[in-house]
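A closer look at the structure
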Number of protein chains: 6
Amino acid sequence: MKRPSGRSADQMRQITLTRHYTKHAEGAVLVEFGDTKVICTVSVESGVPRFLRGSGQGWITAEYGMLPRATGERMQREASKGKQGGRTLEIQRLIGRSLRAAVDLHSLGENTLHIDCDVIQADGGTRTASITGACVALVDALRVMKQRGAIKKIPEIQMIAAVSVGIYQGEPVLDLDYLEDSAAETDLNVVMTDKGGFIEVQGTAEGVPFSPEELNAMLALARKGVDELFALQQAALQD
Amino acid sequence: MKRPSGRSADQMRQITLTRHYTKHAEGAVLVEFGDTKVICTVSVESGVPRFLRGSGQGWITAEYGMLPRATGERMQREASKGKQGGRTLEIQRLIGRSLRAAVDLHSLGENTLHIDCDVIQADGGTRTASITGACVALVDALRVMKQRGAIKKIPEIQMIAAVSVGIYQGEPVLDLDYLEDSAAETDLNVVMTDKGGFIEVQGTAEGVPFSPEELNAMLALARKGVDELFALQQAALQD
Amino acid sequence: MKRPSGRSADQMRQITLTRHYTKHAEGAVLVEFGDTKVICTVSVESGVPRFLRGSGQGWITAEYGMLPRATGERMQREASKGKQGGRTLEIQRLIGRSLRAAVDLHSLGENTLHIDCDVIQADGGTRTASITGACVALVDALRVMKQRGAIKKIPEIQMIAAVSVGIYQGEPVLDLDYLEDSAAETDLNVVMTDKGGFIEVQGTAEGVPFSPEELNAMLALARKGVDELFALQQAALQD
Amino acid sequence: MKRPSGRSADQMRQITLTRHYTKHAEGAVLVEFGDTKVICTVSVESGVPRFLRGSGQGWITAEYGMLPRATGERMQREASKGKQGGRTLEIQRLIGRSLRAAVDLHSLGENTLHIDCDVIQADGGTRTASITGACVALVDALRVMKQRGAIKKIPEIQMIAAVSVGIYQGEPVLDLDYLEDSAAETDLNVVMTDKGGFIEVQGTAEGVPFSPEELNAMLALARKGVDELFALQQAALQD
Amino acid sequence: MKRPSGRSADQMRQITLTRHYTKHAEGAVLVEFGDTKVICTVSVESGVPRFLRGSGQGWITAEYGMLPRATGERMQREASKGKQGGRTLEIQRLIGRSLRAAVDLHSLGENTLHIDCDVIQADGGTRTASITGACVALVDALRVMKQRGAIKKIPEIQMIAAVSVGIYQGEPVLDLDYLEDSAAETDLNVVMTDKGGFIEVQGTAEGVPFSPEELNAMLALARKGVDELFALQQAALQD
Amino acid sequence: MKRPSGRSADQMRQITLTRHYTKHAEGAVLVEFGDTKVICTVSVESGVPRFLRGSGQGWITAEYGMLPRATGERMQREASKGKQGGRTLEIQRLIGRSLRAAVDLHSLGENTLHIDCDVIQADGGTRTASITGACVALVDALRVMKQRGAIKKIPEIQMIAAVSVGIYQGEPVLDLDYLEDSAAETDLNVVMTDKGGFIEVQGTAEGVPFSPEELNAMLALARKGVDELFALQQAALQD
């Protein structure tokens, strides 16, 4: 088996995390997984949705979008279509759930953190890159909240990172790019905490079903990948 | 640990599959997982979506809905809100992907099979009940297609069934009802083929992350559950 | 003249009213007019729409839907189309107006009763079946409100029932099924109270106009039909 | 009983029909029922909706709207709300059905006639005024079609007119204005042909049910009203 | 150069301003620029949008629409399409901005003035006619507000008028009708105050760019045109 | 007068044009006017809208968007609101019209060029930056079309650039940033060709009307600004 990208089966793409990428947002990170590039911003807003008012608890919510020509073929702009597609909604629900696991919502006070992940160039793995980048932006936003006095102290943060794995030509491979993803028999997205627990596991067979053994092999690869991501997040946050 | 339902950890609810539940559809099954009741119909339409025209291949697509008062609190009707929510889209995408794995789409000719899963009463596990019931309705629809001459022979069918498992008070349990699901630390939906392969695995931690060991224990339970479902599907189809 | 259904001109279809059909709603009736089957639920919600706040008066509102394959040909799901069609809106406005005549809204306190009529199988007369079934569900819901203390006593209820009549091959006939309705020259829906007054009369000529004499003959038939329905409602409510 | 308008019970308002009211449409009539003013245009378009293609048959369809300040209180513009309300859809379906009864659709060739009824000032009875005015505009449009060679001869036309009647303070009255309509116990819209047949009868009790005797008294008044309207239509068309 | 309309280059069309054109609105003007006819109403509503609450300041907002057959070809009704087009939004934003310049919003108290401009017949220049007519309707509405005690005195009003100019066959011309507008190389809409200041200048080259000299020549023509309009507004308001 | 930015009245911000900013689009330019940053892509699609089919002519169309946190306060995502706002539609119509002036549409064959301008950081002047950047991306796209054989030769291009000017504290100033724009009395957007002709002039008084002299002074400043932009475009295209 030879991956189209020429990488070894357990090799991640080049990952970069650029903080303060834009100037207005409380957290703003450009995350790159190879040619996949996503701007992740975190916006702090005082107040919470109706179902939490008076609870003393905060909220984290996420939205996801792609520029129309982030992809090989131009896709119709969702704003002009007048609705977000099922794929978009599914991804932004995943991002929101994942990041809500990063921090105890009670520690936020009645504030809402809006995560926006906008893909400016897509080459596979946009949802896992989004989660990985958004977690760094979240930390920056919490630091700004502390500076502004919106929270008294920065709450304990459980770092979250995500990676895709798959079965490509019968073998488990790590961090699929678009070409590999299109040809993979199975695609598995794994979201983990820096303590090694799973937050989310989503695997889909394309064509051939996958076996429990393949699942476990993929999960092991994912573990290796997110460990590298956690190291990169820490490095970025210490700059 | 004692389940609210009083069942043992590896015990499914009472499952029933009622074929020919309504009269117009080519396949029409009422599936009940305990108090969860879903009408699954399969409608055959000649022709395929634009991206398949001329390919000689068929298509299977799914839609999902809930009656407004299928739930404890009335939910707003999606038709009057003017859009389907993210949860709805996510579930119907899952149902469609799962059922497309049941049959080689080339064996359908240029016909579209519309699966509609409408929940008339909800008590947890509506998506897994939908998949399990829809697969029986699909077989009925293929038989009708054969009778009408739309296909020359009934294609080989890989039966598909699905069940939810979870971690409840620290222990893996099978086939969560609503009360159990609301209190579970982890919720995992598993879609399998009757040969034991995975079609889809979707696990979400609510609060506490889950470990690889817990994941494997849940998958083993799921395997037990779907095996029971496959037996019930076969029995129903032989009536 | 021979009706496709083989019934005599003034003969209703087999009617059944099944109470407590689903478990969550305060009122939940499955109504069957022959092969037409509608689930009618009534959901009680504390509070009223803005225009009634502070008035001490309650509100009754209705929504109507059909499962996509309730009909011979699959219809597109309104939730996925993003809007309710004109026929749907017209029918749900009719159901709401009719049921608001059943009870003095001042006797409800500031509570809203949501009626949902969902057709699971259609064979003509879905709107009249909906009204007839919803009135029974309404009584059940009022009983639950009394039990829960939301109202002090069950208000006086004017029972409401509805039936369609038509001119088929030149003769007035009662309770048209789909085949008869499609071929009828005139279609008249009549909503009455159990004291014999009209709540709503809606007649439409399809092709040939109808005469005052035909109108009166149809109204007489309708009267016979609703009287049978009132008896069935009473019987159902005494179980 | 004294009507707010000071009219006798069987007296219509001042009716005017102004042909060629705007210059672009094939038929363009301003109809006035007292202070109710509606612009009715008929636009001829070659071609028919998909379900009629190749049938050799034409189609007549209608849309209805109100200027936001046609009424005492400004209503939100439906175009900016993003959807037409239930009342609008109900009325335009009624107008379309009524006018399709005016002419054999096979005599139109594969052409579509779009009726647009736009209320510029409302004072009760907008739907009946719309139907009455649109029928005159339809005749003008057929004459233009003949001139342009779109049809070989002007088809036989069954004139259609409509009026509202009601029970006001216990007495049947003809052609209700807004004040009367708001206070009426029953409101009945009647659409008739110039040969005395009914095209549509729609009666609604507001509060108190109405009796068969009241219905017949209202229908007799309606007959008197539409006869006057037919005379005015003829006069207008002979100018 | 000869204009299709036969007018001289600096000649306006016949302009009429008919006040009190409909009876419900506080201001209601029919404005005609030749065959272009627009109903402009101003509706007074107590209260302001959220962003102004408590400011003591009022608000003026505008909406614009066309009847479907105001034009040579029937256009689809925006209410049935479910959204207002870009041209509509652009025009109504222009009308709103222009009229907000007519009066100090602080002098209105917390009241909102809704301007509705509905084109019943279009022949070029609908937006400039709308602004010119709406300003007269605005004065009428302010007078009504004074009478009703909603404001203590009529605030100082800066009259606003608008006209289109263009380059037609190389020459600047005033007040283009539809035929001229379609063939013009440049189209410039100018909104001015009665003191000669510009409120809005919007020029678009269709094909050939325009020069600074052409721009100045067009602006001079526009000045002549609006001066005539100001005189007509004054005359209308003194009736 | 001292500008908040500290620039002299006729001084542009730092402008950069980065070609090939993303990899998929035929043209992809990041344009920066100071802190305003816009990604402009041009996507080539074979085929034209219906109204041009068979004409042999091509089409250029534009869409505009902002990331939710491109601004100081997070704005709601238009895709999740379900419609594009009036400001967005107005800007994208302006961009489309402006760029269609750059090239003879007949020289494109039946191809459509989709321009997408997405603001990733906003600080005033996003529409003028978009037009200026999109023109460079357009040239790149034409070169790619030539390479792929979609066109035989690169058509003659009239370069287009745009800048905003305004009256700030009574003085004309060039290229307003957000702080200046918010406080300016007048805002004028000017789109020009490299031969000095106007494509579009849009001036709006905020509060105080502007005089013809002020207009001319602003136009002169704009001319200076676009000349600098044309030089930068040329330099970028020669890299």
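Note that this is a predicted model, so its numbers are computed, not measured.

Here the UniProt-annotated "domain: Exoribonuclease phosphorolytic" (unreviewed entry) positions come out as residues 11-141 and 159-225 of chain A. The span residues 159-225 of chain A is 30% helix and 43% strand, and its two end C-alpha atoms sit 14 Å from each other.

Right, let's talk about the packing of aromatic side chains for a bit. Scanning all chains against the criterion turns up 12 aromatic pairs over all chains. Ring centres of E:Phe51 and E:Trp59 lie 5.3 Å apart, and the angle between their planes is 85°; on these two criteria the pair is classed as edge-to-face. Residue E:Phe51 is classed as exposed on the basis of its relative accessible area of 57%. Looking at E:Trp59, the relative accessible area reads 19%, which means it is buried. Centre to centre, the rings of E:Phe198 and F:Phe210 are 5.4 Å apart; their planes meet at 40°, and the pair counts as tilted. Here the residue E:Phe198 occupies a position in strand E9 (residues 198-205), and F:Phe210 occupies one in the loop between strand E9 (198-205) and helix H5 (212-238), the pair thus bridging two chains. The class for E:Phe198 is buried, based on a relative accessible area of 2%.

Below, the discussion takes up the pattern of salt bridges. Residue and element names in this part refer to chain C. All told, the structure shown has 123 salt bridges over all chains when counted by the stated rule. Arg7 is the partner of Asp177 in a salt bridge, and the nearest nitrogen-oxygen pair spans 4.0 Å. Highlighted residues: Asp177 in the loop between strand E7 (171-174) and helix H4 (178-183) and Arg7 in the segment before strand E1 (15-18), separated in sequence by 170 residues. Like Arg7, Asp177 is buried.

Moving on to the layout of surface pockets. Looking at the second largest pocket, its volume works out to about 1700 Å³. Per-class residue counts for the lining of the second largest pocket are 13 nonpolar, 20 polar and 15 charged.

Another point: unusual backbone geometry. All names here are of chain B. Of note, Asp175 is a non-glycine position whose phi angle comes to about 60°, a positive value. Counting through the fold element by element, Asp175 comes out in the loop between strand E7 (171-174) and helix H4 (178-183). Take Asp175: its relative accessible area is 1%, and that puts it in the buried class.

Between chain D and chain E, the superposition needs a rotation of 180° and an axial shift of 0.0 Å, giving an RMSD of 0.0 Å. Expressed as a symmetry operation, the mapping of one chain copy onto the other fits a two-fold axis.

Let us now look at the interface of chain A and chain F. Opposite the 37 residues of chain A that make contact, chain F presents 37 residues. Roughly 2900 Å² of surface becomes buried between chain A and chain F when both sides are summed, with 47% attributable to carbon and sulfur atoms. Considering only the surface of chain A that becomes buried against chain F, A:His24, A:Arg69 and A:Arg77 emerge as the three largest contributors, covering 24% of it. Inspection of the chain A/chain F interface yields 14 salt bridges. Linking chain A with chain F are 27 residue pairs in polar contact (both at pLDDT 80 or more), by the criterion used here. Every element with two or more residues in the side of chain A that touches chain F is listed here: strand E3 (36-46), strand E4 (59-66), helix H1 (78-81) and strand E5 (111-121) of chain A. Element by element, the count of residues in the side of chain A that touches chain F is highest for E5(A), at 6 residues. Of the residues contributing to the side of chain A that touches chain F, the split by class is 13 nonpolar, 12 polar and 12 charged.

This part covers the UniProt feature "binding site: phosphate" (unreviewed entry) in chain A. Residues and elements named next belong to chain A. Residues annotated in UniProt with the feature "binding site: phosphate" (unreviewed entry) correspond here to Arg87, Gly125, Thr126 and Arg127. Over a stretch of 41 residues, the named residues converge on one spot in the fold, their C-alpha atoms separated by at most 13.2 Å. In this fold, Gly125 is placed in the loop between E5 and helix H3 (126-148). Within the element layout of this structure, Arg127 appears in helix H3. Taking relative accessible area as the criterion, Arg127 reaches 17% and is therefore assigned buried. With near-sequence residues (within four places) excluded, Arg127 lies in contact with Arg87, Glu90, Ile91, Leu94, Asn189 and Gln202.

The subject of this paragraph is the interface of chain D and chain E. Between chain D and chain E, the contact holds 37 residues from the first and 37 residues from the second. Taken together, both faces of the contact between chain D and chain E bury some 2900 Å²; the carbon and sulfur share is 47%. If you sort the residues of chain D by the area they bury against chain E, D:His24, D:Arg69 and D:Arg77 come out on top, with a joint share of 24%. Where chain D packs against chain E, one counts 14 salt bridges. For the salt bridge of E:Arg74 with D:Glu63, the shortest nitrogen-to-oxygen distance reads 3.2 Å. Along the contact surface separating chain D from chain E lie 27 residue pairs in polar contact (both at pLDDT 80 or more). Contributions of two or more residues to the side of chain D that touches chain E are made by strand E3 (36-46), strand E4 (59-66), helix H1 (78-81) and strand E5 (111-121) of chain D. If you tally residues by element for the side of chain D that touches chain E, the top one is E5(D), at 6 residues. Tallied by class, residues from the side of chain D that touches chain E come to 13 nonpolar, 12 polar and 12 charged.

What counts and how
Residues numbered from 1 in each chain as written. Chains lettered and ligands numbered in written order. Predicted model: local features only at pLDDT ≥ 70, side-chain atom pairs only at ≥ 80, totals over all residues. Heavy atoms only, no water. UniProt positions renumbered as here; feature names shortened; annotations may be inferred. Helix = DSSP H or I, 4+ residues; strand = E, 2+ residues; numbered from the N terminus. Phe/Tyr/Trp six-rings, centres within 6.5 Å; stacked < 30°, edge-to-face > 60°. Buried < 20%, exposed > 50% of the residue type's maximum accessible area, 1.4 Å probe, protein only. Salt bridge = Lys/Arg side-chain N within 4 Å of Asp/Glu carboxyl O. 1 Å grid on protein atoms, 1.4 Å probe; cavity = no way out; pocket = protein on both sides within 12 Å on 5 of 7 lines; lining within 4 Å. Points joined across faces, edges and corners; volume = space filled by probe spheres on them. Nonpolar A, V, L, I, M, F, W, Y, C, P; charged D, E, K, R; others polar. Least-squares fit on C-alpha atoms with pLDDT ≥ 70 in both. Contact = heavy atoms within 4.5 Å. Buried area = accessible area lost by both parts, 1.4 Å probe. Polar contact = N/O pair within 3.5 Å; in protein donor to acceptor, adjacent residues only side chain to side chain.

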